[in-house]
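Fold and geometry: a report
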Amino acid sequence: MPPAHAVSYEGGTILVDCGEGAFQQLKRAGVDLNAVQELFITHHHFDHIGSLFACLGLNMMTHRDRPMNIYGPPGTSQILRHLIAACDIPQAIGFGVPGQSLPHPRDFIVSRDLGPGDVVDIDGIRISCCENTHYRAEDQFGKDGPISLSYRFNAPDRSMVFTGDTGPCRALEKLASGADLLVGELIDADIVFNRIRSQNPNMSNQALRKMLQHFTEHHLTPEDLGELASRAGVSQVVATHIPFMTKSAAEDAEYIRRISTKFSGNVAISEDLAAY
């Protein structure tokens with residue numbers, strides 16, 4: 001499944017990313033959509049924002065009467081402005097009942113673009129962030145261009161870090177230092193690359209080479225994830241966003257083995273709707 005993580009606490013639910021299908025899964029998990037008051041986006045690739053328009057529309061159709069705060073890297077507010085404008089016609093149509101009106105997302109969506117080092121405080125939870133290497137190497141940080149973020153949640157009783165998509169990254173190691181839980185992406189570049197090549201026989205060799213470069217430089221292998229966890233000194237790793245060809249106990253065990261060659265703590269392979 002495309003990534004979407006729910007951080008549940010006494011005051012409500014915070015989402016981290018909203019990939020395609022996020023809100024169907026939220027319902028299956030028994031989380032009330034109206035309880036989601038904040039959404040943090042790591043970056044703007046479609047597999048991480050595919051349900052953003054659904055987020056606006058579903059809240060509109062269920063008559064949301066409280067603000068929803070959406071945070072993300074620069075460009076998030078611009079994306080939301082366009083999606084909110086795209087709600088004009090559905091909002092005007094409503095359900096076709098005379099005299100009925102629906103709230104418009106522009107009345108309840110509050111957006112804020114975040115940069116590395118920014119901090120957000122929500123009901124005793126402090127959320128901090130850093131740039132990661134999903135788009136560019138660390139020697140390019142601070143220059144103009146799109147950025148991808150990783151987030152740390154410090155609650156009174158627990159700390160957790162969501163890597164988002166990233167390659168190896170010292171800034172992320174620092175952000176994750178001593179965290180109780182590291183939710184880290186993982187890619188098997190050879191499997192993904194071979195699948196893309198077989199399914200797109202007309203893709204040029206140059207395009208394929210650039211795709212492979214992205215997979216190998218801007219994502220984490222199992223060993224990279226273990227190294228990150230070890231350097232940061234986290235207690236537990238949950239590997240996520242894995243492009244499974246098949247989902248099997250044997251495949252899970254192999255990824256855990258590879259992560260554990262670099263990290264001696266607890267390791268789990270994420271399951272949809274599971275809690276950690």
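Residues numbered from 1 in each chain as written. Predicted model: local features only at pLDDT ≥ 70, side-chain atom pairs only at ≥ 80, totals over all residues. Heavy atoms only, no water.

So, the overall build of the chain
When its secondary structure is counted, the chain shows 11 helices and 12 strands. Expressed as lengths along the three principal axes of its C-alpha atoms, the size of the chain is roughly 65 × 50 × 40 Å. Within the span of the chain, comprising 276 residues, buried residues form 47% of the whole. Put simply, 66% of the contacts in the chain that link residues at least 6 apart link residues at least 24 apart. (Helix = DSSP H or I, 4+ residues; strand = E, 2+ residues; numbered from the N terminus. Buried < 20%, exposed > 50% of the residue type's maximum accessible area, 1.4 Å probe, protein only. Contact = heavy atoms within 4.5 Å.)

Some words on the sheet that holds strand β3 (residues 36-40)
With mixed pairing, the 5 strands of this open sheet are ordered in space as β1-β2-β3-β4-β5. At either margin of the open sheet sits one strand with a lone partner, and together these are β1 (5-9) and β5 (109-113). In this sheet, adjacent strand axes meet at a mean angle of 20° when their direction is disregarded. Two strands pair when backbone bridges link them, and β3 and strand β4 (residues 68-72) are joined in this way by 3 bridges, in the parallel orientation. Within the sheet, the bridge partner assigned to F40 lies in β4 and is Y71. Across the sheet, helix α4 (residues 76-85) lies against β4 and β5, angled at about 155° from β5, the strand it touches most. (Pairing = 2+ DSSP bridges. Axes fitted to C-alpha atoms, helices over the stretch in contact; angles between N-to-C directions.)

Remarks on the sheet that holds strand β6 (residues 119-122)
The strand order across the open sheet formed by 7 strands is β6-β7-β8-β9-β10-β11-β12, and the pairing between neighbours is mixed. The sheet is open, and its two edges are formed by β6 and β12 (266-269), each paired on a single side. The mean inter-strand angle of the sheet, taken between neighbouring strand axes irrespective of direction, is 20°. Across 5 bridges, the pairing between strand β10 (residues 181-185) and strand β11 (residues 236-240) is parallel. Bridge pairing in β11 links L181 to Q236. Sheet contacts for helix α10 (residues 222-232): β10 and β11; angle to β10, the most-contacted strand, approximately 155°. Contacting β11 and β12, helix α11 (residues 249-260) runs over the sheet at an angle of about 145° to β12.

A closer look at helix α8 (residues 189-199)
By the burial criterion, the buried members of α8 are A189, V192, F193 and I196. Buried positions in α8, seen along its axis, are confined to an arc of 95° and lie on one side of it. Across α8 from its buried face, at more than 90 degrees, point the exposed residues D190, S198 and Q199. Those residues of α8 that are buried are in contact with α9 (205-217). (Arc of directions from axis to C-beta.)

Taken by themselves, the reported measurements are silent on function.
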